[in-house]
Structures are given as structure tokens and as C-alpha cells.
Amino acid sequence: MKFGSVPAASPSAASVEAPPARAVAILGSTGSIGTQALDVVEHCAALRAEDGPDATPELTVTALAAGAGNLPLLAAQAARHRPGVVATSGTADDAERLRTLIAAEVGAGTGAAYAPVILHGPEAAAAVAAEAPGDTVLNGITGSIGLAPTLAALNAGKRLALANKESLIAGGRLVQEAVAASPLEQPLIPVDSEHSALAQALASGADREVSRLVVTASGGPFRGRGREELRDVTPREALAHPTWDMGLVVTTNSATMVNKALEVLEAHLLFGVDLDRIVVAVHPQSMVHSLVEFVDGSTIAQVSPPDMRLPIALGLTWPHRVAGIASGCAWDAPQDWTFEPLDEEAFPAVRMLKEAARAGGTGPAVFNAANEQAVAAFHAGTIRFTEIVETVGAVLAEHPGSGAHTPDEDLSVEAVLRAERWARERTDELLGVRA
Ligand SMILES: NC(=O)C1=CN([C@@H]2O[C@H](COP(=O)(O)OP(=O)(O)OC[C@H]3O[C@@H](n4cnc5c(N)ncnc54)[C@H](OP(=O)(O)O)[C@@H]3O)[C@@H](O)[C@H]2O)C=CC1
Ligand SMILES: CC(=O)[C@@H](O)[C@H](O)COP(=O)(O)O
Ligand SMILES: [Mn+2]
């Protein structure tokens, strides 16, 4: 879909057409999203082998990229999927180690010889996004470090399945412009569960018929607690997400509600609906992944048990659905689904980012960068849980007068990177004073 419009083709309309063949670069392949994306690839291959090629998309992995945190897993993935390019954001030594690990994996198996091109360094993921063979890039990197790969994929005219919401938040208008300039009709497919849900529900009506977007939130592990009761929670408690098994940063962000703040802005940037027509509903069961309310009072929801393989598969094969990629709801068993408003007193992040986004420019990038630093400090044990969002607020408040602020009309990649650098340094300074 282009931004600000409903998806050009709905999943149901596409099911009668031949399934697509997509050649995919997976960025962040060793993480929660990346490993589940490889599950989707293997599921499609198995279905095609069993049932023939007529109903299931063909997914080929052309490149894998990750950090340097789990080179043995990256090597095992490479040996199994045999992409032509494998990349690590690490050093030349990491690349050498990766080469050795891949050779050992291949030697241990019985397959044919395999020696991929190996890239390394901070720019490697963006190089993969732009230059690796293939038509589709899944960005499953964590953090706004994913901005360069997001822009690189779109600027190269590739289809971008976007899990890395931070790149959209930080890049804002820059990502929208790259989408608008793409030769593809639907260059960006959201993978985030709520936005995949919204994209599916939006297919039920025209833009002008949309009244509100309702973004659901699990409420995280601390739902129902007041501000005072959040002060002494531990990293371990913050990582005990009630419904989703995800990476450390997004899980922590769910506990602070920063994730929901990012997702409200993500919905605004993706679908062109005003921020004041996007509301959050706390839904602890994570069965309803988001809803679209139309002008006639009808509300369309997307519902499925919490399983990211569904939105990842749709992101890779949109608008085609992959049979059996996830289970449906158990309609024969009794179940209770509840909805409640967000407690903005205890969890002010959504309000804070809406305000920063209304002011525009580099505000959202600063919000996200300060949060990334504060989340790291929380897990390092140097700050309290409540100080994460308090510090983001303090940094945001200083941003307009900092010299690092750029208004929306002058936004550039350099301006975003400058504002992020300032926000990270300022957050560290504030936290250093408190440590
Ligand atoms: N997990 C989920 O269910 C959901 C996640 N998302 C979003 O998806 C994104 C990924 O989340 P998640 O999978 O949970 O995160 P993880 O922490 O599990 O994985 C992050 C991945 O990014 C890689 N990585 C880190 N830095 C770089 C870099 N500079 N270049 C290339 N790769 C890098 C890591 O490599 P390594 O560790 O090997 O160094 C790892 O493969 C986030 O933006 C998150 O908000 C959205 C909805 C749901
Ligand atoms: C699975 C997914 O999309 C996550 O972003 C999820 O939304 C996190 O759950 P919360 O609703 O608790 O933030
Ligand atoms: Mn989400």
C-alpha cells in the first residue's frame, strides 16, 4: 500500500490469483522476528512439496543479515538456506569467524559446497537491503539503527516488510517520501501485528469512510498498577510479557507502553489517519490485534491467537495468505475478551509521543533514541523502571532549545542522525548524574 490509502488489494481478493514467488533478504535473521520469518519460509517450502506449487507462495532467501551477537546461529541459518550473501554488523574478525562457522556447518552436513559473499560492518545491513539479489526485504532489526536499511530497501525499489517500527518513527516523512517515490504499488507492508491487523481491516472500506483506528495493547506485565507501584519493578519482571515472546527491547517497551506510543505514531504514518483519531484499547488477551471503526458505526477487527508468524507471512506474501501458518481461534471453547482504556497517568508514553509528533520534525526520533538509551540503562541496573519514561520526557523537553531540533519541512537523514546523537548523549548524561 502507499501511505494514506487502504491496501490496493485485500488478502481475500488475492486468494484467487496465482501465489507469488518472492526472493527475500532477511535483516535481523537471528532475532525473534528473523527466526520466525525463516519458519515461514520453511513452512511454505514444505506446503509446496506436499501439495504442489499452485496454492502456496514460493519464498527464497537471498540474503541474511544480523548483528554479531549470535554468529553460530547466523552460520547455521546460512548453511541451511544457502543465501548468496550473509552479513554481520560486526568487525572483519567477526566476518572471518562467520566464514569459519559456515564452513564447519557445511562440512558437518552432506550438502554441496557453499561459500557465500560475507559482508561486515555497520553499513552491511543497508548494503544487503539495497544490493542483495531479490525483490523483498524483511527488516527485523531492533532499534532505529534500522533506518538506513529501511530507506535503502525502498530507494532500491524493493518491497519492504517492516517489523522495525523504530525506523519509521525516526525517519517519519523521509520514509513516507521513499514510499511515495517507489515504483511499486505497495512498497511497504507492515509486519507489526497491530498494523498488519489494520491493513487487513482497512481493506473493508475507503479512506474517507474511516472514522477511527483502534490500536490494541496487551497492557504488558504491569497492567492495573499505579505509578508508585511501578517504581521498584525489576528487569526480570518487565520481561515477563503476558502474551508475546519477543526480543528484549520491544518487550521492555510493552511494559512501559512506549511500544504502544511508537505504534500509534506508526499507524498515523502508515495509514494517514490523524493522531486524534487513533485510540488505544487495552485488551489483555491479545486476540484482537486492532480494529478500524467506519463512519457508519461499523467496526472491523482482525482476530487470531497471538502468533507473529501470521503477520510475518502476510508481510512477505501480501496480499496472499499462507495456509496453516498459524492456528485460528478455538471457537468451541468459552473465552473472555476484555477491553479497557489506557491508564495515561501511570503510563504517559502514548500522550508524550503524540505531543512530540504534533510538534513534528526530529521530536519522534529523539523520543525513540532517548528510550533506547534508557532501556539499556534499566537492564544494566543503573536506573529504575519509571525513570525510563521520565528520562525520555526530560530529554524531549530540552530538545526544542538544544540546537539539535529540525522542523519537519527541513528533515533529512543527517538531521535525524544529529538529533539522535544528541538525544543519546543527553540521556546518558542525565542518567550518569543519577547513577
Ligand atoms: N518480536 C516480535 O514479536 C515483534 C517485534 N517487532 C519489532 O521487530 C523488530 C525486531 O524485534 P525482535 O525480533 O523482537 O528483536 P530481537 O532483539 O529478537 O532481534 C534483533 C535482531 O537484530 C539484529 N541486529 C541488531 N543490530 C543489527 C545491525 N546493526 N545490523 C543488522 N542486524 C542487527 C540482531 O542480531 P544479533 O542479536 O545476532 O546480534 C537480531 O537478529 C523491532 O523493531 C521490534 O519492535 C514488532 C512486532 C513484534
Ligand atoms: C506482537 C507485537 O506486535 C508487539 O508489538 C505487541 O504489540 C506487543 O504487545 P503490547 O500490546 O503489550 O505492546
Ligand atoms: Mn505490535
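Residues numbered from 1 in each chain as written. Chains lettered and ligands numbered in written order. Predicted model: local features only at pLDDT ≥ 70, side-chain atom pairs only at ≥ 80, totals over all residues. Heavy atoms only, no water.

**Observations concerning the overall build of the chain**
Then, number 1: Looking only at helices and strands, the chain has 18 helices and twelve strands in total.
Then, number 2: In terms of C-alpha radius of gyration, the chain reaches 21 Å, essentially the compact-globule figure of 22 Å for 435 residues.
Then, number 3: The buried share of the chain, reckoned over its 435 residues, is 55%.
Then, number 4: Partitioning the intrachain contacts of the chain with sequence separation of at least 6 by distance along the chain shows that 73% fall at a separation of at least 24.
Then, number 5: For the chain, the distance from the average position of its 31 positive side-chain charges to the average position of its 52 negative side-chain charges is 1 Å. (Helix = DSSP H or I, 4+ residues; strand = E, 2+ residues; numbered from the N terminus. Rg over C-alpha atoms; globule rule 2.2 N^0.38 Å. Buried < 20%, exposed > 50% of the residue type's maximum accessible area, 1.4 Å probe, protein only. Contact = heavy atoms within 4.5 Å. Lys, Arg positive; Asp, Glu negative; His and termini not counted. Charge placed at Lys NZ, Arg CZ, Asp CG, Glu CD.)

**What to know about the site of ligand 2**
Then, number 1: Close contacts around ligand 2 come from 14 residues, with Ser193, Glu194, Ser218, His241 and Asn259 the closest.
Then, number 2: Separating an oxygen atom of ligand 2 from a side-chain N or O atom of Ser218 is a distance of 2.5 Å.
Then, number 3: Within the side chain of Asn259, a nitrogen or oxygen atom sits 2.8 Å from an oxygen atom of ligand 2.
Then, number 4: The fraction of the free accessible surface of ligand 2 (350 Å²) that becomes covered by protein chains is 97%.
Then, number 5: Of all the secondary structure elements, the ones that give two or more residues to the shell around ligand 2 are helix H9 (193-202) and helix H13 (258-271).
Then, number 6: The element contributing the most residues to the shell around ligand 2 is H13, with three residues. (Near = heavy atom within 4 Å. Polar contact = N/O pair within 3.5 Å; in protein donor to acceptor, adjacent residues only side chain to side chain. Areas by Shrake-Rupley, 256 points an atom, 1.4 Å probe, with all protein chains shown as cover.)

**Comments concerning the pairing of strand S3 (residues 85-88)**
Then, number 1: With burial as the criterion, each face of S3 is covered, one bearing Val85 and Ala87 and the other bearing Val86 and Thr88.
Then, number 2: Inspection of the sheet shows strand S2 (residues 58-66) paired to S3 by four bridges, in the parallel sense. Counterpart to Ala66 in the pairing with S3 is Thr88.
Then, number 3: A crossover links S2 with its parallel partner S3, the connecting element being helix H3 (residues 71-81), and its sense is right-handed.
Then, number 4: Pairing between S3 and strand S4 (residues 117-120): four bridges, direction parallel. Of the residues in S4, the one forming a bridge with Val85 is Val117. (Pairing = 2+ DSSP bridges. Right-handed = clockwise from strand over helix to strand, strands pointing away.)

**So, empty space enclosed by the protein**
Then, number 1: Under the definition given, this model contains two cavities of 30 Å³ or more.
Then, number 2: As for the largest cavity, its lining consists of Arg227, Leu230, Thr256, Ala346, Phe347, Pro348, Phe385, Thr386 and Val389.
Then, number 3: Elements with a minimum of two residues in the lining of the largest cavity: helix H10 (227-230) and helix H17 (385-398).
Then, number 4: With three residues, the top contributor of residues to the lining of the largest cavity is H17.
Then, number 5: Classifying every residue of the lining of the largest cavity by side-chain character gives six nonpolar, two polar and one charged.
Then, number 6: Computed from the structure, the second largest cavity encloses a volume of approximately 50 Å³.
Then, number 7: Along its surface, the second largest cavity is lined by Ser193, Ser196, Gln200, Trp244, His289, Gln302, Ser304, Asp307, Leu310 and Pro311.
Then, number 8: The set of elements that each furnish at least two residues to the lining of the second largest cavity consists of H9 and helix H14 (309-317).
Then, number 9: Among the elements that take part in the lining of the second largest cavity, H9 stands out by supplying three residues, more than any other.
Then, number 10: A class-by-class count of the residues in the lining of the second largest cavity yields three nonpolar, six polar and one charged. (1 Å grid on protein atoms, 1.4 Å probe; cavity = no way out; pocket = protein on both sides within 12 Å on 5 of 7 lines; lining within 4 Å. Points joined across faces, edges and corners; volume = space filled by probe spheres on them. Nonpolar A, V, L, I, M, F, W, Y, C, P; charged D, E, K, R; others polar.)

**With respect to the side chain of Thr216**
Then, number 1: In this structure, Thr216 sits in strand S8 (residues 210-217).
Then, number 2: Residue class for Thr216 comes out buried when judged on its relative accessible area of 4%.
Then, number 3: At a separation of 3.2 Å, a polar atom in the side chain of Thr216 contacts the main-chain carbonyl oxygen of His289.

**Overview of the nonpolar core**
Then, number 1: Within the largest apolar cluster, 96 residues are counted, with the highest numbers of intra-cluster contacts made by Val128, Leu213, Phe222, Phe271, Val292, Phe367 and Phe385.
Then, number 2: Setting aside anything within four residues of it in sequence, one finds Phe222 in contact with Leu230, Val233, Glu237, Ala238, Ala255, Phe347 and Phe385. (Core = buried A, V, L, I, M, F, W, Y, C linked by side-chain atoms within 4.5 Å.)

**Comments concerning the pattern of salt bridges**
Then, number 1: Going through the model one piece at a time under the given rule, you end up with 19 salt bridges.
Then, number 2: The partner of Arg227 in a salt bridge is Glu390, with the nearest N and O atoms 3.6 Å apart. In this pair, Arg227 is assigned in helix H10 and Glu390 in helix H17, connecting sequence segments 163 residues apart.
Then, number 3: Under the relative-accessibility criterion, Arg227 is labelled partly exposed at 28%. (Salt bridge = Lys/Arg side-chain N within 4 Å of Asp/Glu carboxyl O.)

**What about the packing of aromatic side chains?**
Then, number 1: Taken as a whole and assessed by the stated rule, the structure comprises three aromatic pairs.
Then, number 2: Taking 5.6 Å as the distance between ring centres and 65° as the angle between the ring planes, the aromatic pair formed by Phe378 and Phe385 counts as edge-to-face.
Then, number 3: Accessibility expressed as a relative area gives 2% for Phe378, which makes it buried.
Then, number 4: In this structure Phe385 comes out as buried when scored by relative accessible area, which is 3%.
Then, number 5: Through a chain of ring-to-ring contacts, the aromatic side chains of Phe222, Phe378 and Phe385 assemble into a single cluster. (Phe/Tyr/Trp six-rings, centres within 6.5 Å; stacked < 30°, edge-to-face > 60°.)

**Observations regarding the UniProt feature "binding site: 1-deoxy-D-xylulose 5-phosphate" (unreviewed entry) in the chain**
Then, number 1: Feature annotation in UniProt assigns "binding site: 1-deoxy-D-xylulose 5-phosphate" (unreviewed entry) to the following positions: Lys165, Ser193, Glu194, Ser218, His241, Ser254, Asn259, Lys260 and Glu263. Of the residues annotated just before, the second largest cavity has Ser193 among its lining.
Then, number 2: Relative to the assigned elements, Glu194 resides in helix H9.
Then, number 3: Residue classification places Glu194 among the buried residues on the basis of a relative accessible area of 7%.
Then, number 4: Not counting residues up to four positions away in its chain, the partners in contact with Glu194 are Val215, Thr216, Lys260, Glu263, His289 and Ser290. (UniProt positions renumbered as here; feature names shortened; annotations may be inferred.)

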